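As a plain string of letters, each chain reads:
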Amino acid sequence: MEGRDAIFQKRERMTKNLVQKLLNCNSLIICDTSQSQPRLEQQLRKLFGDTVSLMATNNGVMRKALREVGKTQPQVTQIIPLITGQVGLMLLTGEVDPFQVMEVVHAITIPTFGVAGQTLLSNVVIRATTTDPSSTSFFQALGLRADQDFNFMRAGETLGVSEANFLRRINHHVVERRISFIALFLEGQVFHLEELPILDPTTIGRRGLRNATLISRELRMG
C-alpha cells in the first residue's frame, strides 16, 4: 500500500505532466469517460496518433492543472466547473481539426457492461467458453453450462443486479454506447455541446458541428 508521501508525489507528477500537455494543446474536448476510457484511448491512438490524447486522471489533478495553466491563460479556468463525475480531456495538438475529431469519435461505438435497471435493446446470448474455476459457480447457480451456447436474456427485459454482476464477471458486454461530449474549448471560449443538436448520428457532420458551434457562439455573445 502506497504511503501518503508517495501518493502526493505521484499526484504532483501527474499534475505537472497534464500542465505541460495543456500548454501544448490548441483546443480540447471535455467528454464523458464512464465505462469507456481504456477502449477510447486505444481508438484515439489508432486514429490520430500523437495529435489527440485523452487525459482522464483524478478530477482533483485535472482541476489543479487547469488552475496552474490559468495563471498565464485565464480563459482555461472556465473548464474547471465542468470537471465533475467521470470526465476526461481530449487534448488536440498540431493541425488537427476539433470538429473532425468529434465527428470521428462520435461514430465510434464502444462495447460496455450493462447496469442494473437497464432495458436491453437486443438479446443476450452467452457463447460457449472455457471458464476459470471462480466463474463456474456463477453458471452453476443459474443452472447453466459454460460449454454450451444459451440465450441468457431477451430484448425488452430489464437487467437485474445479479444478472449484471454475472455478465460483468464473465466479461460479457451488452451495450454499444457512443462517447458523450460535454464541451469544446476553442479560441479561449467554452461551448457546451449538450445544448447543441449535434449528437444524432443521422445528422452529424463536420459542417453541422462547425455551424452549431458558431451558432452557439453568436447566441452567447448576443
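Residues numbered from 1 in each chain as written. Predicted model: local features only at pLDDT ≥ 70, side-chain atom pairs only at ≥ 80, totals over all residues. Heavy atoms only, no water.

## Points about the confidence of the model for the protein chain
Stated formally: The predictor rates its confidence in each residue with pLDDT, a number between 0 and 100. Strands are runs of DSSP state E lasting at least 2 residues, helices are runs of H or I lasting at least 4, and numbering of each runs from the N terminus. Here, two residues are considered to be in contact whenever any of their heavy atoms come within 4.5 Å of each other.
Model confidence for the protein chain is summarised by a mean pLDDT of 77, while 75% of its residues fall at 70 or above. Per-element mean pLDDT across the protein chain ranges from 46 in helix α7 (residues 206–221) up to 94 in helix α3 (residues 59–70). Considering only residues more than four positions removed or in separate chains, one finds that residues 196–210, a stretch of pLDDT under 50, has 26 contacts. pLDDT under 50 marks residues 212–222. Its contacts with residues more than four places away, or in other chains, come to 14 contacts.

## Quick word on the pattern of salt bridges
Quick reminder of the rule: Here, a salt bridge means any side-chain nitrogen of Lys or Arg that lies within 4 Å of a carboxyl oxygen of Asp or Glu. Each residue is assigned to one of three classes by its accessible area relative to the maximum for its type, calculated with a 1.4 Å probe on protein chains only: buried under 20%, partly exposed between the two thresholds, exposed over 50%.
Here the structure, examined in full by the defined rule, presents 2 salt bridges. With a closest N to O distance of 2.4 Å, Glu12 and Lys64 form a salt bridge. Highlighted residues: Glu12 in helix α1 (residues 4–24) and Lys64 in helix α3, separated in sequence by 52 residues. Assessed through its relative accessible area of 23%, Glu12 is described here as partly exposed. According to the relative accessible area criterion, Lys64 is partly exposed, its value standing at 36%. Ionic pairing is found between Lys71 and Glu68, a salt bridge with its closest N-O pair at 3.1 Å.

## Focus on helix α4 (residues 98–106)
Applied cut-off: It is the directions from the helix axis to the C-beta atoms that the arc portrays.
Pro98, Phe99, Val101, Met102, Val105 and His106 are the residues of α4 that are buried. When α4 is viewed along its axis, its buried side chains cluster within an angular range of 160° and face the same direction.

## Re the sheet that holds strand β8 (residues 181–186)
As a reminder of what qualifies: A strand pair is defined by DSSP finding two or more bridges across the two strands. Each axis is a line fitted through C-alpha atoms, and for a helix only the stretch in contact is used; angles between axes span 0 to 180 degrees, taken between their N-to-C directions.
Across the sheet, which stays open at both edges, the 5 strands sit in the order β2-β3-β1-β8-β9 with antiparallel pairing between neighbours. Of all the strands in the sheet, just β2 (52–55) and β9 (189–192) have a single pairing partner and so form its edges. Here the strands of the sheet are splayed against their neighbours by 20° on average, with no regard to which way each runs. Judged from the 4 bridges that link them, β2 and strand β3 (residues 87–92) form a sheet pairing that is antiparallel. Within β3, the position partnered with Val52 by the bridge is Leu92. Running over the sheet, α1 touches β1 (27–32), β2 and β3 and is turned about 45° from β3.

## Some thoughts on unusual backbone geometry
The backbone of Glu187 sits at a positive phi, close to 55°, despite the residue not being glycine. Relative to the helices and strands, Glu187 resides in the loop between β8 and β9.

## What to know about the packing of α1 against α3
The criterion, for reference: Each angle receives one of four descriptions, namely roughly parallel if under 35 degrees, roughly antiparallel if over 145, roughly perpendicular if within 65 to 115, and oblique otherwise. Each crossing is labelled by how the near helix is turned from the far one, with a counterclockwise turn of less than a right angle marking it left-handed and a clockwise turn marking it right-handed. Under this grouping Gly is polar, as are all residues other than the nonpolar Ala, Val, Leu, Ile, Met, Phe, Trp, Tyr, Cys and Pro and the charged Asp, Glu, Lys and Arg.
Relative orientation of the contacting elements α1 and α3 amounts to 50°, with a least axis distance of 9 Å. It follows that α1 is oblique to α3 by the angle criterion. Like other packed secondary-structure pairs, α1 and α3 cross with a definite hand, here right-handed. Residues Arg11, Glu12, Met14, Thr15, Leu18, Val19, Leu22 and Leu23 of α1 lie in contact with α3, whose contacting residues are Gly60, Val61, Met62, Lys64, Ala65, Leu66, Glu68 and Val69. Per-class residue counts for the contact of α1 with α3 are 10 nonpolar, 2 polar and 4 charged.

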